[in-house]
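# Summary of structural features
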Amino acid sequence: MSSLTVRRPELKRGLTPPMLDEKLHIERCLEQLHSKDKPIEKYIYLSSLKERDQSMFYKLCLAHMSEFTPIIYTPVVGDACLQFSHIYRRPEGLFVSIEDKGRIGKVLSNWPAIDNARISVVTDGSRILGLGDLGVNGMPIAVGKLSLYVAGAGIDPASTLPICLDLGTNTQKFLDDPLYLGARRKRPATAEMDEFMDEFMHEMATRFPKLVVQFEDFSTDNAFRYLARYRNKYATFNDDIQGTGAVVLSGFLNAAKLSAAASGRALGDQRILFFGAGSAGVGVAMQLMSFFRLQGMSEEEARNRVWLVDSQGLVYDARGRLPEHKKYFSRRDYTGPPMKNLLEIVEYVKPTALLGLSTIANAFTPAVLAKLAEINPRPIVFPLSNPVRLSECSFEDAVANTNGSVLFASGSPFDEIKRNGKTLYPGQGNNMYIFPGLGLGSILSEASAITDAMVEAASYGLAESLTKEERAQDLLYPRIERIREISAFIAAQVIATAQKAGVAHNEKLRGKPLSELVDYAKGKMWYP
Ligand SMILES: O=C([O-])CC(=O)C(=O)O
Ligand SMILES: [Mg+2]
């Protein structure tokens, strides 16, 4: 030991309280957190803690995953977005404005950790969770997702880059708010936005050549359009379409096994009703096609197992003009009058599974839930809308109205329920199980693109990652406390698949067996 290390504490003497002990300081921080009674105050406290003492923030986060995720992420991050312009303390992340068009590269170069950046979450704030167009108030969603990259996949915080594109907002309330922090203008027309996005993506790839870009909470049309536009050109994925799709496929696979065991029907004998046909709804439906294909069905047979419901009711060809993204699943076999009532639609479709991506709170009424339980010994009910107050039903309602038979996963967290001496656990079908591992695998493999097969590998990796104990409790997802282990496993699957697809450029990893890839991913993780 050098004399300097011995003397250092002496040099600092007097600059901290005499009895400041690290272990006890953890307790102190937790006590401070627990002393806040409003969720938004807890969010503000943790956000400041992260700035003051990043290491302590992530230590606490890792040790208290199920307590922390609902605060730094869904649902409380939703409140943080709604109130962003009012609770704002200090800048975090990078803001790129429509006014920067023509010099976006210069703005990106202002990011201090330019050589470290490996993963960026980019939102334009136009559809934050189920809360609508929040404009520049969307920044906390990018920050929150990246905190989970650090906690959940061990990405070095210094390599994360949260970005909020400020393209204005069409929400008048914000335009009228004197404290609103974004450009006071309506959103640009498509052509102008496309020009902006092309320049942005080009400059991102130029300034940050090793960067993986996650698109987050863009409005539905743009989410699909930009995914198609950039997915073969850059290492990018859309979390709401692909991440949500993958996480739901994974939980659905586990739920279908339990449902088939209870009904005695074949695993593939599922009829899935989607309530909500936006980017998440159609993204999930697309992803679930691979569940049916895995059972040996043709594309046509698989598509026939899916029904969509939007704000106009059942989606079917004879209804008339449909937006592009709804056409694929539009029913050809129904020609009657518009069918709007969900209970009526359930009676007509007789689904084994009802998935909600509508952001319509309590749309799964007691009558709908009871009907599902009447036609299925173990109905699959996934109210996936976020945040929690927009959920299509609560876990409590789902359990109560199905006599406890429900196989349940929601987008936002619910508490477990004790019933007849048994504990029932709600699944959380949130993309937080997928994106950290998918991103980590893409970074480590140095992927030049993120293919469907890579997303699917992440999904099957997650489905496989349940322990015996977790399966014995009918869990559909593993416990969130194991997120790092799960992310390493998912990352390994993603790397192997990227190699097969020919998009992996990390030659060091070529041909390594899965177990070595898992160890490699674990070895690369950052710890506070
Ligand atoms: O952030 C979440 O909890 C899930 C998500 O991507 C969304 O709802 O848009
Ligand atoms: Mg999202």
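Residues numbered from 1 in each chain as written. Chains lettered and ligands numbered in written order. Predicted model: local features only at pLDDT ≥ 70, side-chain atom pairs only at ≥ 80, totals over all residues.

## Some words on the overall build of the chain
This is how the line gets drawn: Segments assigned H or I by DSSP are reported as helices when at least four residues long, segments assigned E as strands when at least two residues long, and all are numbered from the N terminus. We compute the radius of gyration from the C-alpha atoms alone; for a globule the expected value is 2.2 Å times N to the 0.38, where N is the number of residues. Labels follow a simple rule on C-beta atoms placed from the backbone: if 20 or more others lie within 10 Å of a residue's own, it is buried; if 12 or fewer, it is exposed; otherwise it is partly exposed. We call two residues in contact when the distance between their C-beta atoms, placed using the backbone, is within 7 Å.
From N to C terminus, the chain includes 24 helices and 14 strands. Taking 24 Å as the expected radius of gyration for a compact globule of 528 residues, we find that the chain reaches 23 Å, a close match to that expectation. The dimensions of the chain, computed from C-alpha atoms along their principal axes, are 80 × 60 × 55 Å. Within the chain, buried positions represent 48% of all 528 residues. Long-range contacts, defined here as pairs at least 24 residues apart, represent 74% of the contacts in the chain between residues at least 6 apart.

## Topic: the UniProt feature "active site" (unreviewed entry) in the chain
Heads up, the condition is: UniProt positions are given in the numbering used here, feature names are shortened, and annotations may be inferred rather than shown by experiment.
The UniProt record annotates "active site" (unreviewed entry) at Tyr 73 and Lys 145. Look at the named residues: they lie 73 residues apart in sequence, but the longest C-alpha span between them is just 7.0 Å, so in the fold they bunch up. Along the chain, Tyr 73 falls in the loop between helix H5 (65–72) and helix H6 (76–82). We classify Tyr 73 as buried; it has 27 C-beta atoms within 10 Å. Sequence-distant contacts of Tyr 73, defined by excluding residues within four places in its chain, comprise Gly 144, Leu 148 and Met 432. Relative to the helices and strands, Lys 145 resides in helix H9 (residues 139–153). Given 29 C-beta atoms within 10 Å, Lys 145 falls into the buried group. Among all residues touching Lys 145, those that are not within four sequence positions of it are Val 121, Gln 214, Glu 216 and Phe 435.

## So, the pairing of strand S4 (residues 212–216)
Applied cut-off: When DSSP finds two or more bridges between two strands, those strands count as paired. By convention a crossover is right-handed if, when the strands point away from the viewer, the path from the first strand over the helix to the second runs clockwise.
In terms of burial, S4 is a largely internal element, five of the five residues being buried. Because side chains alternate across S4, one face comprises the buried residues Val 212, Gln 214 and Glu 216, and the other comprises Val 213 and Phe 215, equally buried. Here five bridges tie strand S2 (residues 119–123) to S4, and the two strands are oriented parallel to one another. By the bridge assignment for S4, Ser 120 is matched with Val 213. Both S4 and strand S5 (residues 236–238) contribute to a ladder of three bridges, which runs parallel. Considered in S5, the bridge of Val 213 is made with Thr 236. The parallel pair S4 and S5, bridged by helix H12 (residues 220–230), forms a crossover whose chirality is right-handed.

## Overview of the sheet that holds strand S8 (residues 313–314)
Strand pairing in a sheet is mediated by backbone hydrogen bonds. Such pairs are either parallel or antiparallel. The condition is simple: Axes, fitted as lines to C-alpha atoms, cover a helix only where it is in contact. Angles between the N-to-C directions of the axes lie from 0 to 180 degrees.
Spatial ordering of the open sheet is given by S8-S7-S6-S9-S10-S11-S14, a layout of seven strands whose pairing is mixed. One side of each edge strand has no neighbouring strand; the edge strands of this open sheet are S8 and strand S14 (427–428). Sheet topology places strand S6 (residues 272–275) next to strand S7 (residues 306–310); four bridges connect them, and they run parallel. The residue bridging Ile 272 from the neighbouring strand is Val 306, located in S7. Against the sheet, helix H17 (residues 342–349) engages S6, S7 and S8, with an angle of about 160° to S6.

## Here we look at the UniProt feature "domain: Malic enzyme NAD-binding" (unreviewed entry) in the chain
Using the residue numbers shown here, the UniProt feature "domain: Malic enzyme NAD-binding" (unreviewed entry) corresponds to residues 241–499. Regarding residues 241–499, the helix share stands at 46% and the strand share at 12%, and the terminal C-alpha atoms are separated by 23 Å.

## What to know about the sheet that holds S2
Read from one edge of the open sheet, five strands run S1-S3-S2-S4-S5, paired in parallel fashion. Among the strands making up the open sheet, the edge pair consists of strand S1 (94–97) and S5. Neighbour to neighbour, the strand axes of the sheet diverge by 25° on average, direction disregarded. Note: S2 against strand S3 (residues 160–166), five bridges, orientation parallel. Paired with Ser 120 across the two strands is Leu 161, which belongs to S3. Lying on the sheet, helix H20 (residues 435–444) is in contact with S2, S4 and S5; it crosses S4 at an angle near 155°.

## Quick word on the packing of helix H2 (residues 22–34) against helix H4 (residues 54–63)
Here is the rule we go by: An angle counts as roughly parallel when it lies under 35 degrees, as roughly antiparallel when it exceeds 145, as roughly perpendicular when it falls between 65 and 115, and as oblique in every other case. Residue type decides the class: Asp, Glu, Lys and Arg count as charged, Ala, Val, Leu, Ile, Met, Phe, Trp, Tyr, Cys and Pro as nonpolar, and the leftover types, Gly among them, as polar.
Across the interface, H2 lies against H4 with an axial gap of 11 Å and an inter-helix angle of 75°. As far as their axial angle goes, H4 and H2 are roughly perpendicular. Residues Ile 26, Cys 29 and Leu 30 of H2 lie in contact with H4, whose contacting residues are Met 56, Lys 59 and Leu 60. Residues of the contact of H2 with H4, tallied by class, amount to five nonpolar, no polar and one charged.

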